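# Inside the fold
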Amino acid sequence: RRVMALPGELWTELPPERRIFCSVLLFSWAVYLWEAFLAHRQRRVYRTTTHVPQELGQIMDSETFEKSRLYQLDKSTFSFWSGLYSEVEGTMILLCGGIPFLWKLSGQISGHAGFGQEYEIVQSLVFLLLATLFSAVTGLPWSLYNTFVIEEKHGFNQQTLGFFFKDAIKKFVVTQCILLPVTSLLLYIIKIGGDYFFIYAWLFTLVVSLVLVTIYADYIAPLFDKFIPLPEGELKQQIETMAKSIDFPLTKVYVVEGSKRSSHSNAYFYGFFKNKRIVLFDTLLEDYSALNKEPAEGEDGENEETKSKAKNKKQGCKNEEVLAVLGHELGHWKLGHTVKNIIISQVSYYKLGCFLEDFVIIAVSE
């Protein structure tokens, strides 16, 4: 007589909703463990590679390499622990019924505001607001540690505590101003979409993502950072020449004030069709980085505190180095990486929607 059921039999005997629940947990942990394994291999490289690789011997000194190695090692270790916490937190929320509890609480809050159970979209928005608020609060200690311990330790942080919290609150408010209206429209589309709701929802999210990419740098990013046009000069001429050499439809070049947050440098481009703009971080440019300038008399306390963190070493790159960084970014455009990534992600979302619809139909029929 068989005493124990086989795993496959136990799985088929589970109710459909339990199978969905277990599948979500298993998939989440499988992805996390795979990424953790890859990160572990990379940390081992950071620990054992203590000398400049031969390929970099002519362009990097040992001091710079050691600083970079230790920084990446600290970042990877931090990423491991924060990722583990996030995975455990998500698992505990699922196992302990955190989502149903939050949904019930959202219904109570919307009910007190005069919206009954028939106002499902209102309840969903309250639920989303509470969920993002919970995520922001639980993620705050990790963000503080990353900024004021790791980034500060390696000389990259330029923020004060006051600036950090003001920036975090502003980001949360702006995110809600975008997220809640978009989510309400998406839920309405799902509600009236019938059997093919996932197609309409997919098309809506595609349009929203394209619109956000288009307006982000012009209307959202300036809420947090100051953008100024790159003045006429040798660097601008060289950038325009590089863009013209690959038929990049450049219209404007901006410098963004990134030095009030970090001494990290970067560059990026944005815009669709024939309206491309390039943005350079001021920390990338020797002549524009606030970290290379003395605080002016009479400036407000926040700027004085931020600029007082500047190191003695001059920040920024020479023109040819700036062009090298920018050339990397323009290479993504020339090879069509951005468009390819958008297509791949949208196809994935569509396939996922089809899969979920089939899964739900099978679960309901059983």
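Residues numbered from 1 in each chain as written. Predicted model: local features only at pLDDT ≥ 70, side-chain atom pairs only at ≥ 80, totals over all residues. Heavy atoms only, no water.

The condition is simple: UniProt positions are given in the numbering used here, feature names are shortened, and annotations may be inferred rather than shown by experiment.
The name an unreviewed UniProt entry assigns to the protein is CAAX prenyl protease, from the organism Smithornis capensis. In its Function (unreviewed entry) section, the UniProt record describing the protein reads: "Proteolytically removes the C-terminal three residues of farnesylated proteins."

### Digging into the packing of helix α6 (residues 161-192) against helix α7 (residues 197-220)
To keep things clear, this is the line we draw: Axis angles are defined between N-to-C directions and span 0 to 180 degrees, where every axis is a line fitted to C-alpha atoms and, for a helix, only to the segment in contact. Numbering of helices and strands runs from the N terminus; a helix is a DSSP stretch of H or I covering at least four residues, while a strand is a stretch of E covering at least two. Each angle receives one of four descriptions, namely roughly parallel if under 35 degrees, roughly antiparallel if over 145, roughly perpendicular if within 65 to 115, and oblique otherwise. Should the near helix be turned counterclockwise from the far one by less than a right angle, the crossing is left-handed, whereas a clockwise turn marks it as right-handed. Here a residue-residue contact requires only that any non-hydrogen atoms of the pair lie within 4.5 Å. For this classification, the nonpolar set comprises Ala, Val, Leu, Ile, Met, Phe, Trp, Tyr, Cys and Pro, the charged set comprises Asp, Glu, Lys and Arg, and every other residue, Gly included, is treated as polar.
Running from N to C, α6 and α7 cross one another at 160 degrees; their axes reach a closest spacing of 10 Å. By the criterion of interaxial angle, the relationship of α6 to α7 is roughly antiparallel. Where α6 crosses over α7, the handedness of that crossing is right-handed. Along the contact surface, α6 presents V174, I178, V182, L185, L186, I189 and I190, while α7 presents F197, Y200, A201, F204, T205, V208, L212 and I220. Per-class residue counts for the contact of α6 with α7 are 14 nonpolar, one polar and no charged.

### Quick notes on the pairing of strand β3 (residues 267-270)
For clarity, the cut-off: In short, DSSP must find at least two bridges between two strands for them to pair.
Where β3 lies against strand β4 (residues 276-281), four bridges are found, and the strand directions are antiparallel. Bridge assignment links A267 to a residue of β4, and that residue is L280. Counting the residues in the hairpin turn of β3 and β4 gives five residues, including G271, whose phi is positive at 110 degrees.

### Some remarks on the pattern of salt bridges
Operational definition: Think of a salt bridge as a Lys or Arg side-chain nitrogen and an Asp or Glu carboxyl oxygen that are within 4 Å of each other. Relative accessibility decides the category of a residue: with a 1.4 Å probe and only protein chains considered, values under 20% of the type maximum give buried, values over 50% give exposed, and everything between is partly exposed.
On inspection of all chains with the given rule, the structure shows ten salt bridges. The partner of E63 in a salt bridge is K67, with the nearest N and O atoms 3.5 Å apart. With a gap of four residues between them, E63 and K67 both fall in helix α3 (residues 62-95), about one helical turn apart. Note on accessibility: E63 and K67 belong to one class, exposed. Where R261 meets D225, a salt bridge forms, and the shortest distance between an N and an O atom there is 2.1 Å. Placement of R261 in the loop between β2 (250-256) and β3 and of D225 in the loop between α7 and β1 (227-229) is noted, with a sequence separation of 36 residues between them. Note on accessibility: R261 and D225 belong to one class, buried. Through salt bridges with shared partners, one network takes in D167, K171, D225, K260 and R261.

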